[in-house]
Amino acid sequence: MIVKVQDELGEKMLYRTGYVTLTGFYKGIGNRHRLVDPARGGARHRYTGRRSRCRTTMIQGLGDPVGQTWLTLAVLFSASTAGIVGEKTKIGGHVSAPLITMLITIIASEAGAIPPTSALYDVTNRYLVPLAIPMILYEADLREILKTTKSMLTAFACGLIATVVGTLAAWAIVPLNFGAEDWKIATGLCARHIGGALNLVAVSETTRMDPSILTAVIASDNLVVFFYFMWLFVASRALNRVVPAGNTASFSGVEKESNTEDFAKAATMSAVICLFAKVIAANVSFPAGIISTSSFLTVCLVTAAPQVFRPLAKPGSIVGVFLLQVFFAVSGAAGSIGVVLRSAPLLLVWSAVQLFVHFLVLVGLGRLLKVDQAMLYLASNANVGGPTTAAAMASAKSWTDLVVPAILVGILGYATATIVSLGLGAALLRMSASSGFLFLR
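Residues numbered from 1 in each chain as written. Predicted model: local features only at pLDDT ≥ 70, side-chain atom pairs only at ≥ 80, totals over all residues. Heavy atoms only, no water.

A word on the layout of surface pockets
Here's step 1: The computed volume of the second largest pocket comes to approximately 940 Å³.
Here's step 2: Along the walls of the second largest pocket sit 33 residues, with Asp122, Asn125, Arg126, Glu205 and Ile291 positioned nearest its centre.
Here's step 3: Of all the secondary-structure elements, those providing two or more residues to the lining of the second largest pocket are α5 (119-136), α9 (197-207), α10 (211-235), α11 (260-283), α12 (290-304) and α14 (313-334).
Here's step 4: A total of eight residues in the lining of the second largest pocket trace back to one element, the largest contributor, which is α5.
Here's step 5: Among the residues making up the lining of the second largest pocket, the classes are represented as 20 nonpolar, eight polar and five charged. (1 Å grid on protein atoms, 1.4 Å probe; cavity = no way out; pocket = protein on both sides within 12 Å on 5 of 7 lines; lining within 4 Å. Points joined across faces, edges and corners; volume = space filled by probe spheres on them. Helix = DSSP H or I, 4+ residues; strand = E, 2+ residues; numbered from the N terminus. Nonpolar A, V, L, I, M, F, W, Y, C, P; charged D, E, K, R; others polar.)

Put into structure tokens, the structure is as follows:
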């Protein structure tokens, strides 16, 4: 069937369809066009969207749904890669890969190059993100972590407690004014500052946080985290720490070259874990998401059989990190600059208060327990940024004996943050619903 697309400006193009409905085809194009079926003598469908979705439809091959899908996929992957590559530059290293990726796609979406809604986004959120989480946790052997990082565990525990206290303080001081989303935001940021971005993703999926709010939370928090990392480097300048002689352990297995078989096994294992997680989540008596369930299941399996997962850790991490970058690209594309700008001031203040209190409590507990300040700062970095940023800070400071412990406590943060924050979120929800709520709101 030949379908003629008539633009408001009078431009006309012909597209051959037959594999999609006219309504679906029209929704894929946007609100600047109307479809005309010559066989029926006029317009059949009209669709008005949030904003134009078809700035590229005049390019031959991109006006049909398949072309638009490939364009969207190319932009998502390009933005994801740009974030990873850009983070290695001097400026990009301070901005972070997720923020670079989100900025690219939110601008592309607002400009009309890619749509704000797409089946690709649903596929990413429903399947690719759950697939990524287990692969990143293939190193989460709790027994190895507890055995190798005894000296850092106290510092990590201080950081975890400090984040919980910071969350409660920000909840009491800064009203978010997002209604039913308030406790979800607080829970997500608690998870973000105990483990990392993947825990924020897990919590947002479990609590069903609004996607536009999630985009604003990620963008605002990344900006605050950028300044917090700068502060950690400045605060650690005064430390004159001497590395113990002969104590420069390396991370066993990291240098092993991975082959195609390892990548295939890593992806297959993750898919199987997600399958079982879906079944478990559907049969428990309490609300459980596939991501939080698969995270818990992966940690249990890795701890029980580390020899099975150790060869899969490196390829799993590579694939998992890229898939998470695609998620950040989707978050930016589905977001709205207007929502981000309206939400950003409150979220910026909320994250800043949370991390300010986190640092104060961290230092206070550290002095009380006589913990090495270098370990405290690394543990805080691992809480807020994850194992990669903590290891980078240890290397930059020439604390070579703390590189491996920093990585391991960062992985421990991944393994524990979702459970801890969801428990806190349940308490916040109960307190906010109580008439005798303790904090000023």
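Following the structure, the description resumes.
Section: the pattern of salt bridges
Here's step 1: For the coordinates displayed, the defined rule picks out three salt bridges.
Here's step 2: We note a salt bridge from Asp221 to Arg192, for which the minimum N-O separation is 3.3 Å. Taken as a pair, Asp221 in helix α10 and Arg192 in helix α8 (residues 182-192) lie far apart in primary sequence, 29 residues in all.
Here's step 3: Notably, a salt bridge pairs Lys265 with Glu261, separated by 2.7 Å at the nearest N-O pair. (Salt bridge = Lys/Arg side-chain N within 4 Å of Asp/Glu carboxyl O.)

Points about the packing of aromatic side chains
Here's step 1: If you walk through the whole model with that rule in mind, you get six aromatic pairs.
Here's step 2: Aromatic side chains Phe77 and Phe322 sit 5.4 Å apart centroid to centroid with 80° between the ring planes, which places their arrangement in the edge-to-face category. With a gap of 245 residues between them, Phe77 in helix α2 (residues 65-86) and Phe322 in helix α14 connect regions that are remote in the sequence.
Here's step 3: Using a relative accessible area of 35% as the deciding quantity, one classes Phe77 as partly exposed.
Here's step 4: Aromatic side chains Tyr138 and Phe309 sit 5.4 Å apart centroid to centroid with 45° between the ring planes, which places their arrangement in the tilted category. With Tyr138 in the loop between α5 and α6 (142-148) and Phe309 in helix α13 (residues 306-309), this pair connects stretches of sequence that are 171 residues apart.
Here's step 5: Judged by relative accessible area, Tyr138 falls into the buried class, the value being 2%.
Here's step 6: Look at Phe309 and you get buried, because its relative accessible area is 4%. (Phe/Tyr/Trp six-rings, centres within 6.5 Å; stacked < 30°, edge-to-face > 60°. Buried < 20%, exposed > 50% of the residue type's maximum accessible area, 1.4 Å probe, protein only.)

Topic: helix α4 (residues 97-110)
Here's step 1: For α4, spanning 14 residues, the distance from its first C-alpha to its last is 20 Å, which sits close to the expected 20 Å at 1.5 Å a residue.
Here's step 2: Burial of α4 is extensive: ten of the 14 residues sit out of reach of the surface.
Here's step 3: Here α4 has its buried residues at Ala97, Pro98, Leu99, Ile100, Thr101, Met102, Thr105, Ile106, Ala108 and Ser109. (Expected span 1.5 Å × (residues − 1).)

Topic: the environment of Met431
Here's step 1: Along the polypeptide, Met431 turns up in helix α18 (residues 403-433).
Here's step 2: Judged by relative accessible area, Met431 falls into the partly exposed class, the value being 24%.
Here's step 3: With 248 residues separating them along the chain, Met431 and Trp183 place their C-alpha atoms 10.0 Å apart.

Considerations on the side chain of Asp221
Here's step 1: A relative accessible area of 0% places Asp221 in the buried class.
Here's step 2: Within the structure, the side chain of Asp221 is placed 2.7 Å from the side chain of His193, a separation counted as a polar contact.
Here's step 3: Once you skip the residues sitting within four places of it in the chain, Asp221 turns out to touch Leu189, Arg192, His193 and Ser351. (Polar contact = N/O pair within 3.5 Å; in protein donor to acceptor, adjacent residues only side chain to side chain. Contact = heavy atoms within 4.5 Å.)

Some words on the nonpolar core
Here's step 1: In terms of nonpolar packing, the biggest core is built from 100 residues, with Tyr138, Ile185, Leu324, Trp350 and Leu378 touching the most fellow members.
Here's step 2: Here this core gets 13 residues from one element, more than from any other, and that element is α18. (Core = buried A, V, L, I, M, F, W, Y, C linked by side-chain atoms within 4.5 Å.)

Describing the confidence of the model for the chain
Here's step 1: Here the chain averages 78 in pLDDT, and 77% of its residues register 70 or above.
Here's step 2: Low pLDDT (under 50) marks residues 1-54, which in the prediction has 119 contacts with non-local residues, meaning those over four places away or in another chain.
Here's step 3: Note that pLDDT drops below 50 for residues 435-441; the model gives that stretch 14 contacts with residues more than four away or on any other chain. (pLDDT = per-residue confidence, 0-100.)

What about helix α16 (residues 373-385)?
Here's step 1: Relative to the 18 Å expected for 13 residues at 1.5 Å per residue, α16 spans 18 Å between its end C-alpha atoms, a close match to the ideal helical length.
Here's step 2: The element α16 is extensively covered by neighbouring structure, given that eleven of its 13 residues are classed as buried.
Here's step 3: Burial in α16 covers these residues: Ala374, Met375, Leu376, Tyr377, Leu378, Ala379, Ser380, Asn381, Ala382, Asn383 and Val384.
Here's step 4: One side-chain oxygen of the residue at the start of α16 lies 3.0 Å from the amide nitrogen of Ala374, identifying that residue as Asp372.
Here's step 5: Residue Gly386 follows α16 closely and has a positive phi angle near 105°.

Some details on the packing of α5 against α14
Here's step 1: Between α5 and α14, the least distance of the axes is 8 Å, while the angle of their chain directions is 150°. The angle between α5 and α14 falls in the class roughly antiparallel. The crossing of α5 and α14 is left-handed. (Axes fitted to C-alpha atoms, helices over the stretch in contact; angles between N-to-C directions. Parallel < 35°, antiparallel > 145°, perpendicular 65-115°, else oblique. Left-handed = near helix turned anticlockwise from the far one by under 90°.)

Quick word on unusual backbone geometry
Here's step 1: Residues other than glycine seldom take positive phi values, yet Asn177 does so here, at roughly 60°.
Here's step 2: As for its position among the elements, Asn177 is in the loop between α7 (150-173) and α8.
Here's step 3: Positive phi values are uncommon outside glycine, yet Ser398 reaches one of about 60°.
Here's step 4: The residue Ser398 is located in the loop between α17 (387-396) and α18 in this model.
Here's step 5: With relative accessibility at 47%, the residue Ser398 sits in the partly exposed group.

Observations concerning the environment of Leu120
Here's step 1: Among the secondary structure elements, Leu120 is positioned in helix α5.
Here's step 2: For Leu120, a relative accessible area of 19% gives the class buried.
Here's step 3: For Leu120 and Trp70, which are 50 residues apart along the polypeptide, the C-alpha to C-alpha distance reads 9.8 Å.
Here's step 4: Beyond its immediate chain neighbours, meaning those up to four positions away, Leu120 contacts Thr69, Thr72 and Leu73.

Observations concerning the packing of α11 against α14
Here's step 1: Running from N to C, α11 and α14 point in directions that differ by 65°, and their axes come no closer than 8 Å. Here α14 runs roughly perpendicular to α11, going by the angle between their axes. Viewed along their axes, α11 and α14 form a crossing whose handedness is right-handed. Contacts between α11 and α14 pair Asp262, Phe263 and Ala266 from the former with Pro315, Gly316, Ile318 and Val319 from the latter.

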